[in-house]
Amino acid sequence: MIAPGIKRGTAELAVLSVLEDGPLHGYEMARRIEEQTLGSLRFTLASLYPLLYRLEKRGWVRGAWETSGTGRRRRCYRLTTEGKKKIAPIRREWAELFRALKRLTKVSHA
Amino acid sequence: MPDWEALVGEQFAAISLEPEERNEVIAELAGHLEETFEQLCRQGFSEEAAVARALSEVKSWRSLRGQIQIARKKEDGMTDRVKQVWLPGFLTLFLSMMLLMVIQFFGPKPVIVSTSGWRMTAPVAVIYVPWLLSLLLIGAMGAYLAGRAGASPRAALLSTVFPVLPYSVFFVIWIPVSLILDDHISHNTMPSALLMGLVAWVVLPGVALLAGGLPVQIVRSRHAASA
């Protein structure tokens, strides 16, 4: 498992990346992130929603209420044009950080 | 199954949001807890254990309430684009217009340049030298404000030259129109007058703005690279 402090920094990228595949509501987003990271990144309600609201305020994602086939109302989030533009620079920053850490600590992929 | 909305509503009664927004947040969080609970029940947890586990997603309701309140506050509803382009852009445009007005009223006489040299025959370009000099500072300010808001080099460049954009739009529209109308209404004076205007109101101010803004951008990018 990854320590909470490190996870916090990756949260924006995780959410933006998972929304790249299409709109999702909060619960599904948390589930997908957990699945796709094989459980290394896990978002709880308390960690996910403040982040989603911050991203929404920045204009990177937009939430809208939708009714599912079962009649359940959920707030679905989708990436805005601005959000889509943000992914590439954030990815570059993280890639740069990983390269730097790798050089520094000699940590390498297993 | 517990009434999730009531449960979350109780915790969020004191949140400082508009009632409609508060209800939205409560409904959304309650929906999340309900889905978590249902999933846990499907996995074989007893109802009691599933409720406890779903509620363990929130360690401190007070802290969550505070975080959501800050995140949803409306006072800073500006997007990055507003902070990085529109705000510095309109500020520099406003300042440059005000300065131009002040200089036209109280400043020294403008330099008047004619296409026919120093003989003052139309068309002429009216150049306010103090205004052009002030644009160095305004361009620097636009680049600084955009950079401080985290603008990309392109967005910072746009903020830098923003004060000349209205003039540019005017000339971009009017030059082709004048070329069409020229044959019918005058003796080939319009294109040359527009060209003079383009130099006086777009090219020279644009150069001045860039001369002020580019060094700021260069310094900022070097600073960022060394940080």
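Since the structure is predicted, the reported quantities are computational estimates derived from the model, not experimental observations. Note on numbering: residues in each chain are counted from 1, in written sequence order. For naming, the first written chain is A and the first written ligand is 1, with later ones following in the order written. Selection of residues for local features in this predicted model requires a pLDDT of at least 70, selection of side-chain atom pairs for listing and counting requires 80 or more, and totals for whole chains, interfaces and linings are taken over all residues.

### A word on the overall build of chain B
Item 1. Each helix corresponds to a stretch of at least 4 residues labelled H or I by DSSP, and each strand to a stretch of at least 2 residues labelled E; elements are numbered beginning at the N terminus. Along its length, chain B carries 9 helices and 2 strands.
Item 2. Put simply, chain B runs from its N terminus to its C terminus through helices and strands in the order α-α-α-α-α-β-β-α-α-α-α.
Item 3. Counting other C-beta atoms within 10 Å of each residue's C-beta, where C-beta atoms are placed from the backbone, gives the exposure class: buried for 20 or more, exposed for 12 or fewer, partly exposed between. A burial count over chain B gives 26% of its 227 residues as buried.
Item 4. Any residue pair is listed as a contact if its two C-beta atoms, each placed from the backbone, are within 7 Å. Long-range contacts, defined here as pairs at least 24 residues apart, represent 66% of the contacts in chain B between residues at least 6 apart.

### Re the sheet that holds strand 3 (residues 73-79) of chain A
Strand-to-strand pairing in sheets goes through backbone hydrogen bonds, with the strands running parallel or antiparallel.
Residue and element names in this part refer to chain A.
Item 1. Taken in spatial order, the 3 strands make up an open sheet running 1-3-2, and their pairing is antiparallel. Each edge of the sheet is formed by a strand with only one pairing partner; in this case those strands are strand 1 (24-25) and strand 2 (61-67).
Item 2. If DSSP finds at least two bridges between two strands, the strands pair. In terms of strand pairing, strand 1 meets strand 3 through 2 bridges, oriented antiparallel. Bridge pairing in strand 3 places His 25 opposite Cys 76.
Item 3. Across the sheet, helix 3 (residues 45-58) touches strand 2 and strand 3, and the angle it forms with strand 2 is around 115°. As a rule, the C-alpha atoms of each element are fitted with a line to give its axis, helices using only the stretch in contact, and angles between N-to-C directions run from 0 to 180 degrees.

### What about the packing of helix 2 (residues 26-36) of chain A against helix 3 of chain A?
All names here are of chain A.
Item 1. At a minimum axis separation of 11 Å, helix 2 and helix 3 run at an interaxial angle of 115°. On the basis of the axis angle, helix 2 is roughly perpendicular to helix 3. In the crossing of helix 2 with helix 3, the sense of the turn from one axis to the other is right-handed. On helix 3, the residues touching Gly 26, Met 29 and Ala 30 of helix 2 are Leu 48, Tyr 49 and Leu 52.
Item 2. Residues of the contact of helix 2 with helix 3, tallied by class, amount to 5 nonpolar, 1 polar and no charged. In what follows, roughly perpendicular refers to angles from 65 to 115 degrees, roughly parallel to angles under 35, roughly antiparallel to angles over 145, and oblique to any angle outside these ranges. What makes a crossing left-handed is the near helix being turned counterclockwise from the far one by less than a right angle; a clockwise turn instead makes it right-handed. Only Asp, Glu, Lys and Arg are considered charged, only Ala, Val, Leu, Ile, Met, Phe, Trp, Tyr, Cys and Pro nonpolar, and every remaining residue, Gly among them, polar.

### Topic: helix 3 (residues 47-55) of chain B
All names here are of chain B.
Item 1. The complete set of buried residues in helix 3 reads Ala 50, Val 51 and Ala 54. Projection of helix 3 onto a plane perpendicular to its axis shows the buried side chains occupying an angular sector of 100°, all on one side. Exposed side of helix 3, more than 90 degrees from the buried face: Glu 48 and Ala 49 are the residues found there.
Item 2. If you follow the buried residues of helix 3, they end up packed against helix 2 (19-42). By arc we mean the arc of the directions from the helix axis to the C-beta atoms, nothing more.

### What about the packing of helix 3 of chain A against helix 4 (residues 61-72) of chain B?
Two quantities define a packed helix pair, namely the angle between the axes and the distance from one axis to the other.
Item 1. Contact geometry for helix 3 of chain A and helix 4 of chain B: axes closest at 8 Å, N-to-C directions at 10°. Judged by the angle between their axes, helix 3 of chain A and helix 4 of chain B are roughly parallel. Here helix 3 of chain A contributes Ala 46, Tyr 49, Pro 50, Tyr 53, Arg 54 and Lys 57 of chain A to the contact with helix 4 of chain B, which in turn contributes Leu 64, Gln 67, Ile 68, Ala 71 and Arg 72 of chain B.
Item 2. Residues of the contact of helix 3 of chain A with helix 4 of chain B, tallied by class, amount to 7 nonpolar, 1 polar and 3 charged.

### Topic: unusual backbone geometry
All names here are of chain A.
Item 1. Residues other than glycine seldom take positive phi values, yet Leu 38 does so here, at roughly 55°.
Item 2. Note on placement: Leu 38 falls in the loop between helix 2 and helix 3.
Item 3. Looking at Leu 38, the number of C-beta atoms within 10 Å reads 7, which means it is exposed.

Honestly, that's just the spatial picture; any functional story needs more than this.
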